[in-house]
Amino acid sequence: MPTVKVDGQEIEVPAGATVLQACELAGKEIPRFCYHERLSIAGNCRMCLVEVKPGPPKPQASCALPATEGQEIRTDSEMVKKAREGVMEFLLINHPLDCPICDQGGECDLQDQSMAYGRGATRYDENKRAVTEKYMGPLIKTTMTRCIHCTRCVRFSEEIAGVDEIGALYRGENMQITTYLEHAAKHELSANVIDLCPVGALTSRPYAYEARPWELKKTLGIDVMDAMGANIRIDSRGREVLRALPRVNDDVNEEWLSDKSRYAVDGLTRRRLDKVWIRKRGKLEAATWDEAFKKIKAAKPGKDIAAVYGDLLDCETMFAAKALLGAMGSTLIEGRQTGMTYDTSNLAAVNFNTTLSEIENADAVLIVGSQIRHEAPLLNVRLRKAAKRGAKVFIVGPEWETTYPATFLGNDLAVLNSLSSDVTDAFSKAERPAIIVGGAALGRGALGKALALAKEWNVVKDGWNGFNSLHFSASRMGGLMLGLAQKGGMADLAAAKPKVLLALGADEVDFTKFPDALKVFIGHHGDKGAHAADIILPAAAYTEKAGTYVNIEGRVQRSEKAVFAPGDAREDWTILRALADALGVTVGFDSFDQLRAAMFADTPALANEGLADLGGELPAGGGDASGVIEAYPVADFYLTNAICRASPTMQRCSAELLHGEDLAEAAE
Amino acid sequence: MADRYIEPVTAELRERWGAFAFTPAWDKKAKAAIARYPDGRQKSAVMALLDFAQRQVGEETNTQGWLPIPVMEYVAGYLDMPVIRVVEVATFYTMYNLVPVGRFHVQVCGTTPCWLRGSDEVMETCKKRGMKKGHTTEDGLWTLTEVECMGNCASAPMVQINDDNFEDLTGERLDAVLDALAEGKSPKAGTQEPGRHTVEPVGGPTTLTEMVDANHDYRGEW
């Protein structure tokens, strides 16, 4: 713990800290471009110069200088001021003065820092350098003349994403940042380089020229595109959500966000259900709420009512459905739309117990049936960190392109019954072993065998719980905590032959199994569910309602309402509340606050934000695993739910990045 | 240098170089280069391998050699490293040619010492033969590049042609060198000044004269 003096103030800093970190601890602002907390230190922008004694009598780059005992650091001296002004003047030599037409304007590090630390005018009157634009795919718009060569994007794709595709070519003034042969950046986190770029060289292509940051209303939200519960900031103007950006939460998403979560928001204004529809003589016709409710009442469901909930739902909606069905005398609610079944009696067995931040410390990982990059891109970042620290990774399932060294053990789950000595050795020696059971394995009954392996390898020990199930539906853990699952899954619902089936944003259900039911779709997008429905009640998407979401690790998080739902669409719980009136039952709440209170009374674990205590030890498990994983559940990463499928950006990503269509020309 | 660019990757280029592989002789050298580094650090040999690849391309095309993208991809695969990292190295160092060059790559130094000693005349001599900066002559014999200091200031002006330096040039002397090269001879590399061997002072030493024949202790004379 060295003690250093920053501007005369003595502070103790952690061992291994840099001078820059010491200054930050002392509350001093150090301007920087290339330095980033989560990336390696490059030291090439020189903006963070400070004066350090003892040392050479010249300013030093604080980001790359270790803080040592007795250092005297000055951030306010004349030398530092002059050094910053000089660096800034050099950086601006080749930077175009196109701020008025630059999308970074208003949230640009260079703009802000030149205001704060620059000298106000340039003395340079030669020609500026110009750089040709580079194609980086459908998500990243480039204006490479603005690039100041901080190499954050290069370091991100190499270190965090693990996909080496961005590089700095040539040298000196001619250095250019580009993807290899100007191919599109092809990984699930590519757009994070836009946030990292301190200038307007890499900006968001779909959001180009849409808005200025100061026009936007910022709402704190939770992402629902996968089950990670990434913290997002929803930027909206008027009734339109313009973009979603990651918020920093070290426990969940650090400060990254998958491309899907970031860019699917343009699907929120397309293919929306904004009025009530009733199917008459095989055709959907616009109708009123009253007509719809009357028709549902006329079906006289009684206790023959069932509900299936979709992947994007908040806990409040699911609880309102539970309350409605409860009042009708039914418990037939299920959310595993595709018919997956697994034992949900012990939530600890279907939870990501290790937690997202701890999985980085695992030293042996067995992934059973999960294409992590597509099912949970942000978890893949964590696993990559674990692998970089030396964790051995084994994967059961069809091969996919990992971003870290991993051994594939084959498609057949039966391999779990007689694992090779490599795997058993690695796990018996591991101090922090982890098992991750993905959707493809859960659906094939591998949970029991995985639990047995967990016991055998002793993955639960003091301060470490290495047993994890991995879901990819944002609603899954919330639904399971609310107890909304049938033993036999969707088959139980079909067998009960309900008179009315409420489909709450459920688009992946095989509705042909319910030929006699009156199918009521309550959702926000005209997708597969709406196509099969008899009655459509327009509801709100995740940005249009406040809600509680539980992510894979059982973390309860709340999202706020950013905009109003379009047209006649209402928040889901109000629809269910009105439906209760129509059906002549009481659900016990009249307002959102009452609904939440009732939900907390029903499931107290949802009352507190943060990791829920799911209690209980892991069940013993047992049995043998069998079955071959032909393919992973996520067939097309960019088109996994109704919002993505309505998003032109996601459609284009799917076509260009996954199916190799050449759309580059069309975009120019 | 500012006009360096990567040869566009066309179907023809892929067809010509897609099957590139080290010949046994270069392969042996490549393995030896990799063996200089610890296990798992084989990437460190990238500069040596790019040089070997460029030389092999040179042998195949009877030129100084260059690095088509498929060849860089081969080197990346050889070292199990991302291609973009190889391209970064190849584009950084100017001794890797990114576009095809001629049989002889004439690199004329134009930095101040050479310029003061007559690099303009040297450049003019080259241009008289039809060479143009950054281009290869139509007969495929010469590629002309102007470069910065090559460290031969004591025998300026100089040019580097492929692996050899030719120093103390005048227009005539360069002409003689170029003629010899064109005829397939190997002119003497190094200084072209008659009677000079390396960069020793022309006309004998003017300082430390006592040291010419034997070691001399100057300390008492300071």
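What counts and what doesn't
Residues numbered from 1 in each chain as written. Chains lettered and ligands numbered in written order. Predicted model: local features only at pLDDT ≥ 70, side-chain atom pairs only at ≥ 80, totals over all residues. Heavy atoms only, no water. Helix = DSSP H or I, 4+ residues; strand = E, 2+ residues; numbered from the N terminus. Rg over C-alpha atoms; globule rule 2.2 N^0.38 Å. Areas by Shrake-Rupley, 256 points an atom, 1.4 Å probe, with all protein chains shown as cover. Lys, Arg positive; Asp, Glu negative; His and termini not counted. Charge placed at Lys NZ, Arg CZ, Asp CG, Glu CD. Pairing = 2+ DSSP bridges. Expected span 1.5 Å × (residues − 1). Buried < 20%, exposed > 50% of the residue type's maximum accessible area, 1.4 Å probe, protein only. Contact = heavy atoms within 4.5 Å. Phe/Tyr/Trp six-rings, centres within 6.5 Å; stacked < 30°, edge-to-face > 60°. Lys NZ or Arg CZ within 6 Å of the ring centre and 35° of its normal. Salt bridge = Lys/Arg side-chain N within 4 Å of Asp/Glu carboxyl O. Patch = residues over 30% accessible without salt bridge, like charges linked within 9 Å, V, L, I, M, F, W, Y side chains within 5 Å. 1 Å grid on protein atoms, 1.4 Å probe; cavity = no way out; pocket = protein on both sides within 12 Å on 5 of 7 lines; lining within 4 Å. Points joined across faces, edges and corners; volume = space filled by probe spheres on them. Nonpolar A, V, L, I, M, F, W, Y, C, P; charged D, E, K, R; others polar. pLDDT = per-residue confidence, 0-100. Buried area = accessible area lost by both parts, 1.4 Å probe. Polar contact = N/O pair within 3.5 Å; in protein donor to acceptor, adjacent residues only side chain to side chain. Core = buried A, V, L, I, M, F, W, Y, C linked by side-chain atoms within 4.5 Å.

Participant: Run through the overall build of chain A, naming residues and quoting values.
Facilitator: Helix and strand content of chain A: 21 helices and 29 strands. On C-alpha atoms alone, chain A measures out to a radius of gyration of 27 Å, which is about the 26 Å that the 2.2 N^0.38 rule sets for 668 residues. Along the first, second and third principal axes, the C-alpha atoms of chain A reach 85 × 60 × 50 Å. Put simply, chain A shows about 25900 Å² of open surface, and 50% of that area lies on carbon and sulfur atoms. Of the side chains in chain A, 77 bear a positive and 91 a negative charge, and the two mean positions are spaced by 3 Å.

Participant: With reference to specific residues and values, describe the overall build of chain B.
Facilitator: Secondary structure summary: chain B contains 8 helices and 5 strands in total. Ordered by position from N to C terminus, the α and β elements of chain B give α-α-α-α-α-β-α-α-β-β-β-α-β. Overall, the C-alpha framework of chain B stretches about 65 × 45 × 30 Å when taken along its three principal axes. Seen as two clouds, the 23 positive and the 33 negative side-chain charges of chain B have centres 4 Å apart.

Participant: Go over the sheet that holds strand β1 (residues 3-6) of chain A with me, naming the residues and quoting the values.
Facilitator: Residue and element names in this part refer to chain A. Sheet architecture is open: 5 strands sit in the order β2-β1-β5-β3-β4, paired in mixed fashion. Strands with a single pairing partner mark the edges of an open sheet, and in this sheet they are β2 (9-12) and β4 (60-61). Pairing of β1 with strand β5 (residues 72-74) involves 2 bridges; the strand directions are parallel. Paired with Val6 across the two strands is Ile73, which belongs to β5.

Participant: Can you break down unusual backbone geometry residue by residue, with the values?
Facilitator: Residues Lys53(A) and Pro54(A) are joined by a peptide bond in cis, for which omega reads -5 degrees. Mapped onto the fold, Pro54(A) is located in the loop between β3 (49-53) and β4. In this structure, Pro157(B) follows Ala156(B) across a cis peptide bond, with omega equal to -5 degrees. Its location among the elements puts Pro157(B) in the loop between β2 (142-147) and β3 (159-161). At His149(A), a residue that is not glycine, the phi angle is positive and equals roughly 60 degrees.

Participant: Any details on helix α10 (residues 377-388) of chain A? Residues and values, ideally.
Facilitator: Residues and elements named next belong to chain A. Taking 1.5 Å per residue, 12 residues should reach 16 Å; α10 reaches 17 Å between its end C-alpha atoms and fits that length. Within α10, 10 of the 12 residues are buried, which leaves it mostly tucked inside the rest of the structure. Every buried residue belonging to α10 is among Pro377, Leu378, Leu379, Asn380, Val381, Arg382, Leu383, Arg384, Ala386 and Ala387, and all of these are buried. Taken together, the buried residues of α10 touch α4 (152-160), β17 (364-368), α9 (372-375), β18 (392-396) and β20 (433-437). Gly390, located one to two residues past α10, shows a positive phi value of around 110 degrees.

Participant: Describe the packing of aromatic side chains, with residues and values.
Facilitator: In total, this model carries 18 aromatic pairs over all chains according to the counting rule given. Every member of this aromatic cluster is reached through a ring pair, and the members are Trp17(B), Phe20(B), Phe22(B), Tyr74(B) and Tyr78(B). Between Arg336(A) and the ring centre of Tyr342(A), over which it is positioned, the NZ or CZ distance is 4.7 Å. Directly above the aromatic system of Phe104(B) lies the positively charged group of Arg103(B), at a separation of 5.0 Å from the ring centroid.

Participant: Residues and numbers for the pattern of salt bridges, please.
Facilitator: This model, assessed by the stated rule, comprises 55 salt bridges over all chains. For Arg85(B), the salt bridge goes to Asp164(A), with nearest N and O atoms at 2.3 Å. Linking Arg85(B) in helix α5 (residues 83-92) with Asp164(A) in the loop between α4 and β7 (166-169), this pair reaches from one chain into another. Judged by relative accessible area, Arg85(B) falls into the buried class, the value being 12%. Accessibility expressed as a relative area gives 26% for Asp164(A), which makes it partly exposed. Each of the salt bridges in this network shares a partner with another, and the network as a whole consists of Glu254(A), Glu360(A), Arg382(A), Lys385(A) and Arg389(A).

Participant: Which residues make up a nonpolar patch on the surface, and what values do they have?
Facilitator: A grouping of Met47(B), Phe92(B) and Tyr93(B) is seen on the molecular surface, where their side chains present a nonpolar patch of about 240 Å² in accessible area. Relative to the elements of secondary structure, Tyr93(B) occurs in the loop between α5 and β1 (104-109).

Participant: Can you tell me about the layout of surface pockets, naming the residues and giving the values?
Facilitator: Residue and element names in this part refer to chain A. Size it by volume and the largest pocket reaches roughly 990 Å³. Lining the largest pocket are 38 residues, with Glu107, Ile194, Asp195, Arg243 and Leu245 positioned closest to its centre. The set of elements that each furnish at least two residues to the lining of the largest pocket consists of α5 (192-196), β9 (202-204), β12 (240-246) and α6 (259-263). Broken down by element, the residue count for the lining of the largest pocket peaks at 7 residues, all from β12. The residue inventory of the lining of the largest pocket, partitioned by class, reads 15 nonpolar, 7 polar and 16 charged.

Participant: I'd like to hear about the confidence of the model for chain B, residue by residue, with values.
Facilitator: Looking at chain B as a whole, its pLDDT mean stands at 92, while 99% of the residues score no less than 70. This complex was scored by the predictor with a pTM of 0.91 and an ipTM of 0.87.

Participant: Report on the interface of chain B and chain A, specifying residues and quantitative values.
Facilitator: Taken together, the contact between chain B and chain A spans 20 residues of the former and 15 residues of the latter. Carbon and sulfur atoms supply 63% of the area that chain B and chain A bury against each other, a total of about 1400 Å² over both sides. Taken together, the links from chain B to chain A amount to 2 salt bridges. Among the ionic pairs, Glu158(A) bridges to Arg85(B), the shortest N-O distance being 3.3 Å. Across the contact surface, chain B and chain A share 8 residue pairs in polar contact (both at pLDDT 80 or more). Listed by contribution, the elements that provide at least two residues to the side of chain B that touches chain A are α4 (69-79) and α5 of chain B. Here the side of chain B that touches chain A gets 7 residues from one element, more than from any other, and that element is α5(B). Each residue belonging to the side of chain B that touches chain A can be placed in one class, and the counts come to 13 nonpolar, 2 polar and 5 charged.

Participant: How would you sum up the sheet that holds β18(A)? Please name residues and give values.
Facilitator: Residues and elements named next belong to chain A. In spatial order, the strands read β19-β18-β17-β20-β23; together these 5 strands make up an open sheet with parallel pairing. Of all the strands in the sheet, just β19 (407-408) and β23 (467-469) have a single pairing partner and so form its edges. In terms of strand pairing, β17 meets β20 through 5 bridges, oriented parallel. Across the sheet, Leu366 pairs through a bridge with Ile435, a residue of β20.

Participant: Tell me what's going on with the nonpolar core, and back it up with residues and numbers.
Facilitator: Judged by nonpolar contacts, the single largest core of 207 residues is most densely connected at Ile177(A), Ile296(A), Leu366(A), Leu379(A), Phe467(A), Leu502(A) and Leu537(A). Among the elements that take part in this core, helix α8 (residues 315-328) of chain A stands out by supplying 9 residues, more than any other. Not counting chain neighbours up to four residues away, the residues in contact with Leu502(A) comprise Ile305(A), Ala306(A), Ala307(A), Val308(A), Leu324(A), Leu325(A), Val520(A), Leu576(A) and Leu579(A). With 35 residues, the next largest nonpolar core counts Phe52(B), Leu79(B), Tyr96(B) and Leu98(B) among its residues.

Participant: Explain the environment of Ser345(A) to me, using residue names and the numbers behind them.
Facilitator: Residues and elements named next belong to chain A. Relative to the helices and strands, Ser345 is located in the loop between β16 (333-334) and β17. Taking relative accessible area as the criterion, Ser345 reaches 63% and is therefore assigned exposed. A C-alpha to C-alpha distance of 27 Å links Ser345 and Thr640, two positions 295 residues apart in sequence. At a separation of 2.8 Å, a polar atom in the side chain of Ser345 contacts the side chain of Asp343.

Participant: Break down the pairing of strand β11 (residues 231-237) of chain A for me, citing the residues and quoting the values.
Facilitator: Residue and element names in this part refer to chain A. Here β11 lies mainly inside the structure; 5 of its 7 residues are buried. Where β11 and β12 come together, 6 bridges link them in antiparallel fashion. Its bridge partner lying in β12, Arg233 is registered against Leu245. Here β11 folds back onto β12, and the loop between the two strands holds 2 residues, one of which, Gly238, carries a positive phi near 60 degrees.

Participant: Tell me about the pairing of β1(A), and name the residues and values.
Facilitator: All names here are of chain A. Covered by surrounding structure in β1 are Val4 and Val6 only, the residues Thr3 and Lys5 on the alternate face being uncovered. Relative to β2, β1 runs antiparallel, the two sharing 4 bridges. Counterpart to Lys5 in the pairing with β2 is Glu10. Linkage of β1 to β2, two consecutive antiparallel strands, is achieved through a turn of 2 residues, within which Asp7 is found at a positive phi near 50 degrees.

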